[in-house]
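Coordinate inspection notes
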Amino acid sequence: MHASARHELFTLRDLLRYAVSRFNASGLVFGHGSDNAWDEAAYLLLHTLNLPLDQLDPFLDARVVPEERAAFLDLIERRIHERKPAAYLTGEAWLQGHRFVVDERVIIPRSPISELLANGLSPWISNPDDIDYALDICTGSGCLAILAALAFPNAQVDAVDISPDALEVANRNIDDYKLDGRVSTYCSDLLDQLPHCEYQLILCNPPYVNRQSMASLPREYLHEPELALAGGEDGMDLVRRLLGQVPDFLAPDGIFVLEIGNEYQNFMAAFPDLDPIWLSTENTEDQILLLTREQLAP
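Residues numbered from 1 in each chain as written. Predicted model: local features only at pLDDT ≥ 70, side-chain atom pairs only at ≥ 80, totals over all residues. Heavy atoms only, no water.

Considerations on the environment of arginine 22
Along the polypeptide, arginine 22 turns up in helix α2 (residues 12-26). Taking the C-alpha atoms as reference points, arginine 22 and glutamate 77, 55 residues apart in sequence, are found 8.8 Å from one another. Ignoring sequence-local partners within four residues, the contact set of arginine 22 consists of Ile76, Glu77, Ile80 and His81. (Helix = DSSP H or I, 4+ residues; strand = E, 2+ residues; numbered from the N terminus. Contact = heavy atoms within 4.5 Å.)

Right, dumping it as structure tokens:
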């Protein structure tokens with residue numbers, strides 16, 4: 001960038017406009033919490049200035065001091081040149097209004113399952129108080145396990161991941177939410193090392209990206225752990241294993257909620273005899289499915 005830019009941008013409005021222009025010109029790829037240059041630039045600016053993330057307008061015409069301007073412009077340049085998602089630059093991600101600590105040991109929280117949890121998985125769960133045991137498989141940062149604990153106040157929630165590094169991040173988030181008495185982590189290859197329990201709710205956002213899509217991922221996604229993304233030739237490698245294991249851990253009236261991203265066609269081809277319930281969210285129609293114990297083990 002031209003050095004003069006550091007002395008010609010005075011207000012938040014100036015900085016925001018500059019950042020959006022730079023992001024657009026640089027061809028950044030979004031999808032880790034925001035889907036456009038404006039939202040990402042606004043987030044980075046408010047984060048840098050320690051301002052409330054939902055209160056941009058009152059500050060747009062406020063002037064920044066040189067140190068604040070320099071810090072923001074340096075962050076913008078890192079986003080452009082390193083192609084790191086914003087969450088890795090700030091060390092945090094937001095999901096359904098909740099903050100989670102993240103780094104490159106975990107994928108960035110963005111699962112639309114979080115939207116379903118915010119609604120208590122209604123109508124599939126009629127009374128949130130009735131959930132005593134819940135399980136989150138491939139927990140990563142622990143975000144879905146924590147949201148499940150918040151949605152179901154009586155539930156003991158187990159959170160499983162194969163990565164000890166990911167579980168370190170999850171445990172940090174569990175501690176931050178003061179849920180260490182209700183959310184427990186297990187290092188396990190799916191359910192292989194998990195003590196047996198009958199769960200009324202099992203959640204899973206597994207690695208499901210097919211091989212062809214993995215080969216063409218934008219640079220931003222390459223900063224995330226491949227272990228948390230790659231799902232084999234058709235994206236269904238771990239899903240096949242899960243569908244064989246989950247019935248042994250699901251209560252008779254339990255439900256299994258599974259995210260498959262953009263792999264609907266591959267899922268249907270791999271499991272033609274299944275007839276899942278497809279759960280809609282604000283931006284998805286065929287990315288999250290629900291299966292009952294009876295469907296999995298008739």
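Focus on the sheet that holds strand β5 (residues 183-187)
The strand order across the open sheet built from seven strands is β5-β4-β3-β6-β7-β9-β8, with neighbouring strands paired in mixed fashion. Two strands close off the open sheet at either side, each with one partner strand: β5 and β8 (277-278). In the sheet, strand β6 (residues 199-204) pairs with strand β7 (residues 250-259) via five bridges, with the strands oriented parallel. Counted as the bridge partner of tyrosine 199 is leucine 250 from β7. Sitting on the sheet, helix α7 (residues 143-151) is in contact with β3 (133-137), β4 (156-161), β5 and β6, with an inclination near 175 degrees to β4. (Pairing = 2+ DSSP bridges. Axes fitted to C-alpha atoms, helices over the stretch in contact; angles between N-to-C directions.)

Looking at the pairing of β3
The buried count for β3 comes to four of five residues, which makes it a mostly enclosed element. Strand direction decides the pairing type here: β3 and β4, joined by five bridges, are parallel. Bridge pairing links leucine 135 to aspartate 158 in β4. Crossover β3 to β4 through α7 is right-handed. Judged from the four bridges that link them, β3 and β6 form a sheet pairing that is parallel. Each residue of the ladder has a partner; that of alanine 134, found in β6, is leucine 201. (Buried < 20%, exposed > 50% of the residue type's maximum accessible area, 1.4 Å probe, protein only. Right-handed = clockwise from strand over helix to strand, strands pointing away.)

Describing the side chain of threonine 139
The topology assignment puts threonine 139 in the loop between β3 and α7. By relative accessible area, threonine 139 is classed as buried at 4%. One polar contact links threonine 139 to aspartate 136, side chain to side chain, over a distance of 2.7 Å. Setting aside chain neighbours within four positions, we find threonine 139 in contact with Ala145, Ala159, Val160, Asp161, Leu167 and Ala170. (Polar contact = N/O pair within 3.5 Å; in protein donor to acceptor, adjacent residues only side chain to side chain.)

Some remarks on the pattern of salt bridges
Within this structure, the stated rule accounts for 18 salt bridges. Residues arginine 78 and glutamate 82 are paired through a salt bridge, measuring 2.9 Å at the closest nitrogen-oxygen approach. Residue arginine 78 and its partner glutamate 82 are located together in helix α4 (residues 66-82), separated by four residues, close to a single helical turn. Judged by its relative accessible area of 34%, arginine 78 falls in the partly exposed class. Across the pair arginine 240 and aspartate 237 runs a salt bridge whose closest N-O atoms are separated by 3.7 Å. Of this pair, arginine 240 and aspartate 237 are both found in helix α11 (residues 237-245), three residues apart, which corresponds to roughly one turn of the helix. We classify arginine 240 as partly exposed; its relative accessible area is 38%. Through salt bridges with shared partners, one network takes in Glu40, Arg79, Arg83 and Glu220. (Salt bridge = Lys/Arg side-chain N within 4 Å of Asp/Glu carboxyl O.)

Section: the state of the cysteines
Applying the stated criterion to the full structure yields zero disulfides. The thiol of cysteine 143 is unpaired, and the distance to the nearest cysteine sulfur, on cysteine 138, comes to 12 Å. Overall, the relative accessible area of 7% leaves cysteine 143 in the buried class. With no disulfide of its own, cysteine 204 has cysteine 138 as its nearest cysteine by sulfur position, at a separation of 4.1 Å. (Disulfide = S-S within 2.5 Å.)

A look at the nonpolar core
Core analysis: the biggest nonpolar cluster contains 31 residues, and Leu117, Leu121, Phe152, Val183, Leu201, Leu203 and Val257 have the highest contact counts within it. Elements that contribute at least two residues to this core include exactly α6 (113-118), α7, β4, β6, β7 and β9 (288-292). Sorting elements by how many residues they give to this core places α7 first, with eight residues. Contact partners of leucine 121, with chain neighbours within four places excluded, come to Leu116, Phe152, Leu201, Leu203, Val257 and Leu279. Residues Val20, Leu44, Leu60 and Val64 belong to the second largest nonpolar core, which totals 28 residues. (Core = buried A, V, L, I, M, F, W, Y, C linked by side-chain atoms within 4.5 Å.)

Things to note about the environment of isoleucine 277
Mapping isoleucine 277 onto the fold places it in strand β8. Overall, isoleucine 277 belongs to the partly exposed group, its relative accessible area being 29%. Put simply, isoleucine 277 and cysteine 204 are 73 residues apart on the chain and 15 Å apart in space, counted from C-alpha to C-alpha. Aside from chain neighbours lying at most four places away, what touches isoleucine 277 is Trp124, Ile288, Leu289 and Leu290.

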